[in-house]
Every structure is written in structure tokens, then in C-alpha cells.
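If you want the building blocks of each chain, they are given just below.
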Amino acid sequence: MVDKQQIDGQILELKDEYVQLQNNLDKLESIGGNLTPLEKRLSDIEVELKELNARKQELS
């Protein structure tokens, strides 16, 4: 079973990845690159964060 600390760790990792991707997206946008894969991953992270936060609430 996953505990709150593990969920918090996963949330932090996803938030860090999200910030990195956001920065990469900004750079890629400025040079006219293909944003679709990064936008997809950002969307996936948002879904994962919602799920993790819901699971965390259930443990409270």
C-alpha cells in the first residue's frame, strides 16, 4: 500500500518534471518547434497530479 509520504514524493517529482517541461516548451515555442509531445506530457502530468491528490485525500 502506498502511504502519504510516497504520494507526496511522487507529487514533487511530477511538479519538478512539469516545471522543466514548461521551460522546454517556452524555448521550443520561441524557435517554432513541435510542441505537441510536450503539451501531451504536460496534460498527462496534470491528470496524474489530480489522481495522486485524490488518493492522498482518501488517506486523510
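Up top you'll find the structure we're talking about.
These numbers come from a predicted model, not from an experiment.

Within the element layout of this structure, Ser43 appears in helix H2 (residues 36–59). A relative accessible area of 35% places Ser43 in the partly exposed class. Sequence spacing of Ser43 and Tyr18 is 25 residues, and the spatial spacing of their C-alpha atoms is 9.5 Å.

Let's shift gears to the pattern of salt bridges. Any two side chains of opposite charge can pair, so long as their charged atoms come close to each other. Applying the stated criterion across every chain, the model contains four salt bridges. Arg41 serves as the salt-bridge partner of Glu17, at 2.9 Å between the closest nitrogen and oxygen. Note that Glu17 is positioned in helix H1 (residues 4–30) and Arg41 in helix H2, a separation of 24 residues in sequence. Exposure remark for Glu17: the relative accessible area of 26% places this residue in the partly exposed category. A salt bridge links Glu48 to Arg41; its shortest N-O distance comes to 2.9 Å. Note on Glu48: relative accessible area 29%, which makes it partly exposed. One connected set of salt bridges, linked through shared partners, spans Glu17, Arg41 and Glu48.

Rules used in this analysis
- Residues numbered from 1 in each chain as written.
- Predicted model: local features only at pLDDT ≥ 70, side-chain atom pairs only at ≥ 80, totals over all residues.
- Heavy atoms only, no water.
- Helix = DSSP H or I, 4+ residues; strand = E, 2+ residues; numbered from the N terminus.
- Buried < 20%, exposed > 50% of the residue type's maximum accessible area, 1.4 Å probe, protein only.
- Salt bridge = Lys/Arg side-chain N within 4 Å of Asp/Glu carboxyl O.

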